[in-house]
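# Breakdown of the fold
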Amino acid sequence: MTSRDERLSFLEEMKDVRRIRKANKADVKAPKDLTPGHLERQRAAVDQRAPDRNPLTSDMVEPLTAHDVLSWQRPGVQHGVFKKLRLGHYPIEARLDLHRMTVEQARREVFGFVNDCVRYGLRSVIILHGKGERNPDGIAQLKSYLAKWLPELSDVLAFHSAQKHHGGTGAVYVMVRKGDRDKQRNREIHGRR
């Protein structure tokens with residue numbers, strides 16, 4: 001307990017002290033005005049695009065016509081395997097339709113499609129690119145780009161224009177490499193490391 005003298009002494013010391021009228025809290029609300037630094041960081045974030053990991057280019061390509069046959073195989077692909085692909089004897093596990101796409105849209109779709117095929121273990125797929133017969137110049141633009149892009153992708157082992165019942169020269173069979181998971185499974189089955 002405090003004595004009467006102590007209380008009087010305390011009040012004497014505090015006689016010039018005035019009460020704070022505002023609440024004793026920090027103002028943590030966000031400022032309504034954007035600072036120049038904030039605006040610059042915002043502009044930089046919008047201008048900075050994610051890096052494009054797609055190696056496919058949309059440079060000039062050798063023009064192909066509706067009836068040109070696409071055919072390519074990576075060194076090391078066995079003749080019999082390529083022949084089965086060419087004849088359409090492998091089951092088609094997935095398809096990508098590029099009709100009515102721009103070159104840039106097709107570039108993104110082909111890259112993503114092949115990556116998805118590897119990820120999900122799909123080996124034999126078909127890409128429908130069209131023949132370009134309605135083009136006034138007779139050039140099959142997407143077909144021309146596809147012939148350039150597929151060899152650029154290391155996951156593509158071979159490709160060949162499809163058989164007539166699958167779209168003929170308006171489509172292409174694509175053989176995709178095995179994913180790491182499938183390779184490991186084969187090693188386990190056949191006892192090799």
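Residues numbered from 1 in each chain as written. Predicted model: local features only at pLDDT ≥ 70, side-chain atom pairs only at ≥ 80, totals over all residues. Heavy atoms only, no water.

Phi at R100 takes a positive value of approximately 65 degrees, unusual for a residue other than glycine. Position of R100 relative to the elements: it lies in the loop between β2 (94–97) and α4 (103–120). Accessibility expressed as a relative area gives 81% for R100, which makes it exposed. (Helix = DSSP H or I, 4+ residues; strand = E, 2+ residues; numbered from the N terminus. Buried < 20%, exposed > 50% of the residue type's maximum accessible area, 1.4 Å probe, protein only.)

On to the nonpolar core. Counting 27 residues, the largest nonpolar core has V110, I127, L150 and V174 as the members making the most contacts within it. When residues no more than four places from it in sequence are discounted, the contact partners of L150 are V110, I127, V156, F159, V172 and V174. (Core = buried A, V, L, I, M, F, W, Y, C linked by side-chain atoms within 4.5 Å. Contact = heavy atoms within 4.5 Å.)

Each pair of aromatic rings is reported with the distance of its centres and the angle of its planes. Within this structure, the stated rule accounts for two aromatic pairs. With centroids separated by 5.6 Å and ring planes inclined at 25 degrees, the aromatic side chains of W72 and F159 adopt a geometry described as stacked. Residue W72 is found in strand β1 (residues 71–73), and its partner F159 is found in strand β4 (residues 156–161); the two are separated by 87 residues along the sequence. According to the relative accessible area criterion, F159 is buried, its value standing at 3%. Their ring planes at 35 degrees and their centres at 5.5 Å tell us that Y145 and W149 sit as a pair that is tilted. Here Y145 and its partner W149 are both found in helix α5 (residues 141–152), four residues apart, which amounts to about one turn of the helix. Among the residues examined, W149 registers a relative accessible area of 0% and is labelled buried. (Phe/Tyr/Trp six-rings, centres within 6.5 Å; stacked < 30°, edge-to-face > 60°.)

Relative orientation of the contacting elements α4 and α5 amounts to 35 degrees, with a least axis distance of 11 Å. As for how α4 packs across α5, the hand of that crossing is right-handed. Contact residues: α4 offers V103, A106, R107 and V110, while α5 offers Q141, L142, Y145, L146, W149 and L150. Tallied by class, the residues present in the contact of α4 with α5 amount to eight nonpolar, one polar and one charged. (Axes fitted to C-alpha atoms, helices over the stretch in contact; angles between N-to-C directions. Left-handed = near helix turned anticlockwise from the far one by under 90°. Nonpolar A, V, L, I, M, F, W, Y, C, P; charged D, E, K, R; others polar.)

Among the surface-exposed residues, L8, F10, L11, M14 and V17 lie close enough to one another that they form a single nonpolar patch of about 500 Å² accessible area. Locating F10 in the fold gives a position in helix α1 (residues 4–13). (Patch = residues over 30% accessible without salt bridge, like charges linked within 9 Å, V, L, I, M, F, W, Y side chains within 5 Å. Areas by Shrake-Rupley, 256 points an atom, 1.4 Å probe, with all protein chains shown as cover. Salt bridge = Lys/Arg side-chain N within 4 Å of Asp/Glu carboxyl O.)

This paragraph deals with the pairing of β2. Side chains A94 and L96 of β2 all project onto a buried face; the interleaved residues R95 and D97 project onto a face where none is buried. Across four bridges, β2 lies against strand β3 (residues 124–128) in parallel orientation. Looking at β3, one finds that A94 is bridged to V125. Between β2 and its parallel partner β3, the chain crosses via α4, and the hand of that crossover is right-handed. (Pairing = 2+ DSSP bridges. Right-handed = clockwise from strand over helix to strand, strands pointing away.)

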